[in-house]
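Coordinate inspection notes
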Amino acid sequence: MAKPRSKGEVVNDMDGELVNALRQIQHHPRELRRQLRFVCNSREEFHARKAQPGLTETQRAASYLYLNNISFSGDNNSYGVARSGGGGAVTPSSRIVRQVLALHARLERVSIERLDWQRCIALYDAPDTLFFCDPPYIGGNVRSYAAWSPAQVQQLRDVLHAIKGRWIVTLNDSPEVRAIFTGCRFTRIERSNGFRNDGKTKATAYPEIIITPA
């Protein structure tokens, strides 16, 4: 979202709720704003929205955005609590509305896909294409989704080495990852890990590497 606009851009993810939310932001921002403008930051509403059946696509998107912003570390499951500034949920509804409007402007002319990553790469590969791939970590994860195996990362590497376009991969900095991408360029960075933090200790840092062809 922070990169400069390109002539053609594609966002691809297998999370159907995320993809629906992006599409509703792109096409129906006013209705989303109406749905989100007066929601309450309460534990009761948080858990009620998790269990709501029979919603329209726009209502589903509103609930997804609410849960994602209010939940702890964006896991859409645990009600986030701020221990300072008066307590309560960490994100006010006004902030979510501002995010919707900003994302609507940024997603203009962006194609939103829900494809298997191999299919997405095959479909959009061209000499002037740049793929940014952010797969799950190998051997563990700071988030709640499942880690990839070394074999899955190896498959990604093999596919990327055979494409016409350029690519960037971000993964956890581990001996397995470095071995799989032997011969590539590695840039090590550190990110703050607030996931499952107890709120009393400083968030720990974890290492990532940005991998590009040599």
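Preceding this paragraph is the structure being described.
Described in the following lines is the structure provided in the data block. None of these values were measured; they are calculated from a predicted model.

1. Re helix 5 (residues 93-106)
Owing to its 3.6 residues per turn, the α-helix aligns residues three or four sequence positions apart on the same side. An ideal rise of 1.5 Å per residue puts 20 Å on 14 residues; helix 5 measures up with 20 Å between its terminal C-alpha atoms. What helix 5 keeps buried is the set Ser93, Ile96, Val97, Val100 and Arg106. On its buried face, helix 5 sits against strand 1 (9-12), helix 1 (16-27), helix 2 (29-36), helix 4 (57-70) and strand 2 (110-113).

2. Topic: the packing of aromatic side chains
Under the defined criterion, the tally for this structure stands at three aromatic pairs. An angle of 65° between the planes, with centres 5.6 Å apart, marks the rings of Phe46 and Tyr79 as edge-to-face. One end of the pair, Phe46, is in helix 3 (residues 43-50); the other, Tyr79, is in the loop between helix 4 and helix 5, and 33 residues separate them in sequence. Ring plane angle 45° and centroid distance 6.1 Å describe the contact between Trp117 and Trp148, whose orientation is recorded as tilted. Of this pair, Trp117 sits in helix 6 (residues 117-124) while Trp148 sits in the loop between strand 3 (130-133) and helix 7 (150-161), and the two are 31 residues apart along the sequence. The ring of Tyr66 has Arg49 lying over it, and the distance from NZ or CZ to the ring centre is 5.1 Å. The cationic tip of Arg178 hangs over the ring face of Phe186; the distance from NZ or CZ to the ring centre is 5.0 Å.

Calculation notes
Every chain begins its residue count from 1, and numbering advances along the sequence as written. Under the rules for a predicted model, residues below a pLDDT of 70 receive no local features and side-chain atom pairs below 80 are neither given nor counted, while totals for whole chains, interfaces and linings still include all residues. As a convention, hydrogens and water are excluded, and side-chain values are obtained from all of the structure's heavy atoms. Helix and strand assignments come from DSSP, with helices taken as H or I runs of at least 4 residues and strands as E runs of at least 2, each series counted from the N terminus. A helix is expected to span 1.5 Å for every residue after the first. Each residue's exposure class comes from its accessible area (1.4 Å probe, protein chains only) as a fraction of the maximum for that residue type: buried when under 20%, exposed when over 50%, partly exposed otherwise. Residues count as neighbours in contact if any of their non-hydrogen atoms are within 4.5 Å of one another. Classification of ring pairs uses Phe, Tyr and Trp, with its six-membered ring standing for Trp, and accepts pairs whose centres are within 6.5 Å; under 30 degrees between planes counts as stacked, over 60 as edge-to-face, and the remaining range as tilted. Charge over a ring is defined by NZ of Lys or CZ of Arg lying within 6 Å of the ring centre and within 35 degrees of the ring normal.

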